[in-house]
Amino acid sequence: MWLFKRKGPSGFSYSSTAEEVTHGIDGSGLTAIVTGASSGIGSETTRTLALRGVYVIMAVRNMTAGKDVKEAIVKEIPAAKVDVMELDLSSLASVRKFADDFISSGRSLNILINNAGVMAIPFILSKDNIELQFATNHLGHFLLTNLLLEKMKETSRETKREGRIVTVSSEAHRVTYREGIRFDKINDQQSYSRYFAYGQSKLANILFTNELTKRLKEDGVEITANSLNPGAITTNLFRHMTLVNGLASTIGKLVLKNVQQGASTTCYLALSPQVKGVSGEYFLDNNLATPSTLARDMDLAKRLWDFSMDLVN
C-alpha cells in the first residue's frame, strides 16, 4: 500500500528493509552484541550487520538455534564474522556470566542491541523471583548494559568512534497499567494483566534509555542510546496469543512487516551516519517519533533506574 511506502525525513519508510537502510555503510572494525539473535528480527539484525562487515556476537538462550542461524549466515555471507554466546536475560546470574565472559575475551564493543523479549505471557516468576516480562524485557537488559558500559566507554575512547546502544521497545508501551510502572506490585499475580505487563516492560525500555542518555551526557562520553518500535511483525513473539497468532500468520502476511522490514529501524540506529550524535530519542519506521507522556517523564525514569538497581543488587 502507498501509505507504507511514503518516506519520512530520513528518506526511509515503514516498508524499508534493513539492507536498504544500511546500503553503502561499511561496518568493518565494529563489534556488536545482539540479544535474542536466534530468531525473528534479532537474526535478521545479525545478518545485516554481518553483511556490512560488523563482527557480531549473538547473545542467545538457545545455543542450538543460535548456531543454526550463524551457520546459515556464514553460508550466505562467507566473509561474515559471527560468534554465538549463551545468555538468558531472565536470569541475573546468566547476564553476569555473559558479561564476565565477554569482557574476559578482550574484545572491544561498539554497538549493543537490546533486542530479546517475551510478549504477553501468563504470569510466571523468573529464577530471581521477578515477573518474567519485566525481568526479561527490561531488567536483564538494564543489568547487561550497565555491566558492559565501561567496555563501551573504553572502546569509544580508544577508537574515537561513537558507541551506540539500541533498545527495542514497542508501541505497546502506551498500553500499560495506569501508573505506568507498578513498583509496589511488580510480582502481584492477582492483579496481573499479561498485556499491561508487556506494555509496562516496553515503557521501561524507553524510560531506561532516557535516563541512560542523561547519564552518558553527564559523563561526556561519545555513546548514544536510543529506543525504537520495530512495528508489528510476523514473528514467534505472538506464540502465547492463540487468536492473534492465527491472525498474524494469515491476514498478517498482508499488513504486518516481514522480518527484513522489522529489523530496519534497529539497523538504522546501529549504523546510519544520519543519527550520529542523536541520543535519548524514540524511533518508528526509521524516523523520529513521539512516545507517550509517561515515557517522557524523567522523574519516572530516575525512579525506575533506582528501583532496577536495587533489584539487580
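For the structure, check the block above.
Residues numbered from 1 in each chain as written. Predicted model: local features only at pLDDT ≥ 70, side-chain atom pairs only at ≥ 80, totals over all residues. Heavy atoms only, no water.

### Some remarks on the overall build of the chain
Basically, it comes down to this: Secondary structure counts use DSSP, requiring at least four H or I residues in a row for a helix and at least two E residues in a row for a strand, with both numbered from the N terminus. Based on C-alpha atoms, the radius of gyration is set beside the globule rule, defined as 2.2 Å times the residue count to the power 0.38. Any residue under 20% of the maximum accessible area for its type is buried, any over 50% is exposed, and the rest in between are partly exposed; the area is computed with a 1.4 Å probe on protein chains only. Note on definitions: a residue-residue contact is assigned when non-hydrogen atoms from the two residues lie within 4.5 Å. Residue-level accessible areas treat just the shown protein chains as cover; the underlying method is Shrake-Rupley with a 1.4 Å probe. Under the convention used here, Asp and Glu are negative, Lys and Arg are positive, and both His and the chain ends fall outside the count. Note on charges: their place is set at NZ of Lys, CZ of Arg, CG of Asp or CD of Glu.
Of the regular secondary structure elements, the chain holds 12 helices and eight strands. Against the globule reference of 20 Å for 313 residues, the chain gives a C-alpha radius of gyration of 18 Å, in line with a compact fold. Buried residues in the chain amount to 57% of all 313 residues. Of the contacts made within the chain by residues no fewer than 6 positions apart, 76% connect residues no fewer than 24 positions apart. Total accessible area on the chain is roughly 13700 Å²; 52% of this is exposed by carbon and sulfur atoms. Within the chain, the 32 negative side-chain charges are centred at a point lying 4 Å from the centre of the 36 positive side-chain charges.

### Focus on the sheet that holds strand β6 (residues 223-229)
Put simply, the rule is: Two strands pair under a simple rule: DSSP has to find at least two bridges between them. The axes used here are C-alpha line fits, helices contributing only the stretch in contact, and every angle between their N-to-C directions lies in the interval 0 to 180 degrees.
Read across the sheet, eight strands follow the order β3-β2-β1-β4-β5-β6-β7-β8 without closing on themselves; strand pairing throughout is mixed. Each edge of the sheet is formed by a strand with only one pairing partner; in this case those strands are β3 (81-86) and β8 (287-289). Taken over all neighbouring pairs, the strand axes of this sheet differ in orientation by 25° on average, direction set aside. As paired elements, β6 and strand β7 (residues 282-284) share three bridges and run parallel to each other.

### A few points about helix α6 (residues 132-159)
Filter applied, for reference: Every helix has an expected span of 1.5 Å times one less than the residues it contains. Note on bend: at a given residue it equals the angle between the axes fitted to the 7 residues ending there and to the 7 starting there. Definition of a polar contact: a pair of N or O atoms within 3.5 Å, with one able to donate and the other able to accept a hydrogen when the atoms are protein atoms, and with sequence-neighbouring residues admitted only if both atoms are side-chain atoms.
Along its 28 residues, α6 runs 37 Å from first to last C-alpha, staying within 8% of the 40 Å computed at 1.5 Å per residue. When the local axis directions of α6 are compared, the greatest deviation, roughly 45°, occurs at L149. If you check the start of α6, you find a side-chain oxygen 2.8 Å away from the backbone N of Q133, and it comes from E131.

### Focus on unusual backbone geometry
The backbone of K160 sits at a positive phi, close to 55°, despite the residue not being glycine. According to the relative accessible area criterion, K160 is exposed, its value standing at 69%. Look at N286: it is not a glycine, yet its phi comes out positive at around 65°. Tracing the backbone through its elements, the reader meets N286 in the loop between β7 and β8.

### Observations concerning the pairing of strand β4 (residues 111-114)
Residues I111 and I113 line one face of β4 and the alternating positions L112 and N114 line the opposite face, and both faces are buried. Here strand β1 (residues 31-35) runs beside β4; their pairing, made up of three bridges, is parallel. Paired with V34 across the bridge in β4 is I113. As paired strands, β4 and strand β5 (residues 163-168) are joined by four bridges and run parallel to one another.

### Here's the deal with the packing of aromatic side chains
In this description, a pair of aromatic rings is defined by centroid distance and the angle of the planes. Formally: Between the rings of Phe, Tyr and Trp (Trp by its six-membered ring), a pair exists once the centres lie within 6.5 Å; its type follows the angle of the planes, with under 30 degrees stacked, over 60 edge-to-face, and the other angles tilted. As a reminder, the over-ring test applies to NZ of lysine and CZ of arginine, requiring each to be within 6 Å of the ring centre and within 35 degrees of the ring normal.
Applying the stated criterion across every chain, the model contains nine aromatic pairs. Ring centres of F142 and F208 lie 5.5 Å apart, and the angle between their planes is 65°; this geometry places the pair in the edge-to-face category. Of the two residues, F142 sits in helix α6 while F208 sits in helix α7 (residues 194-219), which places them 66 residues apart along the sequence. Neither F142 nor F208 differs from the other in exposure class; each is buried. Through a chain of ring-to-ring contacts, three or more aromatic side chains come together here, namely F12, Y268 and F283. Taking NZ or CZ as reference, R182 lies 4.2 Å from the ring centre of Y177, over its face.

### Structural notes on the pairing of β3
This is how it is decided: Handedness of a crossover: with both strands directed away from the viewer, a clockwise path from the first strand across the helix to the second marks it as right-handed.
Across six bridges, strand β2 (residues 55-60) lies against β3 in parallel orientation. Among the inter-strand pairings, V60 is bridged to a residue of β3, identified as E86. On the question of chirality, the crossover connecting β2 to the parallel β3 by way of helix α4 (residues 63-76) is right-handed.

### A word on the packing of helix α5 (residues 92-104) against α6
The cut-off we apply is this: Angle categories are assigned with fixed cut-offs, so that under 35 degrees is roughly parallel, over 145 is roughly antiparallel, 65 to 115 is roughly perpendicular, and the rest are oblique. Two helices cross in a left-handed way if the nearer one is turned anticlockwise from the farther one by less than a right angle. They cross in a right-handed way if the turn is clockwise.
One can describe the packing of α5 onto α6 by two numbers: an axis separation of 10 Å at closest approach and a directional angle of 20°. Comparing their axes, α6 and α5 come out roughly parallel. Crossing geometry of α5 relative to α6 is assigned as right-handed. Residues L92, V95, R96, F98, A99, F102 and I103 of α5 touch α6, and the partners they reach there are L139, G140, L143, L144, L147, L148 and K151.

### Quick word on the pattern of salt bridges
Selection rule: By convention in these notes, a salt bridge is any Lys or Arg side-chain nitrogen within 4 Å of a carboxyl oxygen on Asp or Glu.
Under the criterion given, the structure shown has 19 salt bridges. Among the salt bridges present, the one from D219 reaches K153, with a minimum N-O distance of 2.9 Å. Of this pair, D219 sits in helix α7 while K153 sits in helix α6; the two residues are 66 residues apart in sequence, bridging distant segments of the chain. Two residues, E218 and K214, come together in a salt bridge whose shortest N-O distance is 3.9 Å. Pair noted here: E218 and K214 are both in helix α7, with a separation of four residues, about one helical turn. With a relative accessible area of 58%, E218 lands in the exposed category. Taken together, the shared-partner salt bridges connect E19, E44, R47 and E76 into one network.

That is the geometry; function is a separate question.
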